[in-house]
Amino acid sequence: MQPIFFEKSLIVGNKSSPVAICTLWSKKEAIAQNLPQDKYCVIGNLYSADGINYLIKNILANPQIRYLVVCGQDFFKSGEILNNFFSQGVGPDRKIIGAEAYLHSNIPFEALEQVRKHVQLIDLRDKEGELAQ
């Protein structure tokens, strides 16, 4: 695992794990302390819709990631918008379908579709108890 954005803000676990965990506004340290470190590649927060761009770029830089677990408090709907990206995609104007959020123009459409196709979103928002199972 070699994050290219916000590396110092992430908790890195097992670099070969296919699991990334996005804790939205909940404290990533609180979630990490309840999980075996070998079970996840990385844990990080997602505070805004703009942060989805950096999350996607970090996933593209780490193609072993096949599962993205989203959990925690979704105060500004960044988790909902991320869910829309995975379930509905992006329009020709780079707007995430079903959301008022746009993706950066420096991420090719093909790369966006690669992430949507190869990474499974597991939505556990507001269900931290289920994460340890």
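Scoring rules and cut-offs
- Residues numbered from 1 in each chain as written.
- Predicted model: local features only at pLDDT ≥ 70, side-chain atom pairs only at ≥ 80, totals over all residues.
- Heavy atoms only, no water.
- Core = buried A, V, L, I, M, F, W, Y, C linked by side-chain atoms within 4.5 Å.
- Buried < 20%, exposed > 50% of the residue type's maximum accessible area, 1.4 Å probe, protein only.
- Helix = DSSP H or I, 4+ residues; strand = E, 2+ residues; numbered from the N terminus.
- Contact = heavy atoms within 4.5 Å.
- Salt bridge = Lys/Arg side-chain N within 4 Å of Asp/Glu carboxyl O.
- Axes fitted to C-alpha atoms, helices over the stretch in contact; angles between N-to-C directions.
- Parallel < 35°, antiparallel > 145°, perpendicular 65-115°, else oblique.
- Left-handed = near helix turned anticlockwise from the far one by under 90°.
- Nonpolar A, V, L, I, M, F, W, Y, C, P; charged D, E, K, R; others polar.

1. Some thoughts on the nonpolar core
Okay, so step 1: Grouped together as the largest cluster of nonpolar side chains are 30 residues, with contacts concentrated most on Leu68, Leu82 and Phe85.
Okay, so step 2: Going through the elements one at a time, strand 2 (19–22), helix 2 (51–60), strand 4 (67–72), helix 3 (78–88) and helix 4 (109–118) are the ones with two or more residues in this core.
Okay, so step 3: Ignoring sequence-local partners within four residues, the contact set of Leu82 consists of Leu46, Ile52, Leu55, Leu68, Val70 and Leu121.
Okay, so step 4: Core analysis: the next-biggest nonpolar cluster, separate from the first, contains 11 residues, Ile11, Ala32, Ile43 and Cys71 among them.

2. A closer look at the pattern of salt bridges
Okay, so step 1: All chains considered together, the criterion is met by 6 salt bridges.
Okay, so step 2: Between Lys95 and Glu100 there is a salt bridge; the shortest N-O distance is 3.4 Å.

3. Side note on the packing of helix 2 against helix 3
Okay, so step 1: At a closest axis distance of 10 Å, the pairing of helix 2 and helix 3 adopts a crossing angle of 50°. Relative to helix 3, helix 2 is oriented oblique. For the pair helix 2 and helix 3, the sense of crossing is right-handed. Together, Ile52, Leu55 and Ile56 of helix 2 and Ser78, Ile81, Leu82 and Phe85 of helix 3 make up the contact between the two elements.
Okay, so step 2: The residue inventory of the contact of helix 2 with helix 3, partitioned by class, reads 6 nonpolar, 1 polar and no charged.

4. Here we look at the environment of Gly44
Okay, so step 1: Within the element layout of this structure, Gly44 appears in strand 3 (residues 42–44).
Okay, so step 2: Sequence spacing of Gly44 and Lys28 is 16 residues, and the spatial spacing of their C-alpha atoms is 6.0 Å.
Okay, so step 3: Contacts of Gly44, omitting those with residues within four sequence positions, involve Leu10, Ile21, Cys22, Thr23, Leu24 and Lys28.

That's the geometry; what it means functionally is another story.
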